[in-house]
Structures are given as structure tokens and as C-alpha cells.
Amino acid sequence: MAKNYATRDKMIFVKENDDSFVMFLPPDMASVREFRKELKNSLEVHNFCGEDILQVELAADEALTNSVTANVKNHSEETIICRWRIDNYKLTLYIVDYGKGFKYEPEKCSGACMDLPKSLRGYIDSIMRHQSDTKEHLPFSGVRQLHKNMGKGLHIVHTFMDTVKILYHTEESISDNPEGSEIMGSIMQLDFDAKKHSS
């Protein structure tokens, strides 16, 4: 079966088959929008419900934003790779970047932030209140612009996904705790099983 390719400027989307997809993205916030569109489309084709799609989109947006931010802070223009597979209502997504990575430390989150949301809207509102004072300059279509809504990204990812694994790649190895090695980037694995979330 022939693979489907689509390119937009420096972005490349490959549909390997009906269940497997990959995108090669520049470290630019415009990539987040394009990635979200392809991810959402693939979830809709696989009959994920609207609320599940929204949760996955929010978590994936935050994970990719973290990767873009890590690349920018590391002065890396290396391509970010997003690869995902959907099998029997289970999504597995990998995001590979060349930034230094961010460690998730739940003990550093405020108590209010760590409370489980009573509703999706309430949770989003509490995160937006926290993020309203955090801003950073990130590239958008090649132009550095002030990006609002920074912070709590990994917390959002952990809240909405069933499992989250973060590995770091070095010249020698891939590990969850690379001691004594220079971290070249991170590999984030996100899993979401829609069957666990169906009512």
C-alpha cells in the first residue's frame, strides 16, 4: 500500500497506513496547530468521542509546546518528530525533540493545581488562571512572538493521558535518568485508551 505524504513548508505528514501516522515538524508554534489538525482528524476517523478528542488534543498540544520550548531554549533547530498509532481505541503518541527536556515534579505543583478536576471546563479555567501571568517568546511561523499560557504543561499532560513516560536521549543511550551524560533531547510517550473513558 502506498503511503500518503503531505508537506506544508518545512512540515511533513506521513500516513503510513490507516492506523499509523508521523509528522516531522520545525520547532515553531505554527507546528502545534498543524499537528493538532492531523491528530484530531485521525482520532475522528477512528471514532473517538468529542470529549476524548479534546482531552487528547489538550495533552498533545502541551507536550508539543514543551518540545518546541525545549528546542528553542537549547538553540536547536532540529526537527521534532511526532509519531502516533491508533489500535482498538488506544492511542500511543511519541514526541521526540532535541531540547534538554523538562522533568515532571508533581511535588512542586501547588495543592490547588494537583486537585483532580471536577469538570473539564473547571480544570481548564484553573489552568488558564495560573497561566495568565506566564509568558515567553517563541517562534510562530518563523517570527518570535509573545506566547501566553505557559506553565503547568506536564501537569496537564499527566492529567489527561492514561500513561506518560519521559525518556532522554544522549549520544550513548536512551534512559529515564541519564546520569553523567549530556542530554541531547527527550522522547515523550503518551497513551490514551478511550475504552477506559467511555461511560
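Not measured: the values here are computed from a predicted model.

With respect to unusual backbone geometry
- Of note in the backbone geometry, Asn47 takes a positive phi value of approximately 60° without being a glycine.
- With respect to the helices and strands, Asn47 occurs in the loop between helix H1 (30-45) and helix H2 (50-73).
- For Asn47, a relative accessible area of 55% puts it in the exposed group.

Quick look at the environment of Tyr98
- Along the polypeptide, Tyr98 turns up in the loop between strand S5 (90-96) and helix H3 (111-114).
- Along the chain, Tyr98 and Glu77 lie 21 residues apart, while their C-alpha atoms are 8.3 Å from each other.
- Discounting residues that sit within four places of it in the chain, Tyr98 has contacts with Asn71, Asn74, Ser76, Glu78, Thr79, His169, Met184 and Gly185.

Points about the confidence of the model for the chain
- Mean pLDDT over the chain stands at 79; residues scoring 70 or higher make up 67%.
- In this model, residues 106-114 is a region of pLDDT below 50 whose contacts with residues beyond four sequence positions or in other chains number 10 contacts.

Rules and cut-offs
Residues numbered from 1 in each chain as written. Predicted model: local features only at pLDDT ≥ 70, side-chain atom pairs only at ≥ 80, totals over all residues. Heavy atoms only, no water. Helix = DSSP H or I, 4+ residues; strand = E, 2+ residues; numbered from the N terminus. Buried < 20%, exposed > 50% of the residue type's maximum accessible area, 1.4 Å probe, protein only. Contact = heavy atoms within 4.5 Å. pLDDT = per-residue confidence, 0-100.

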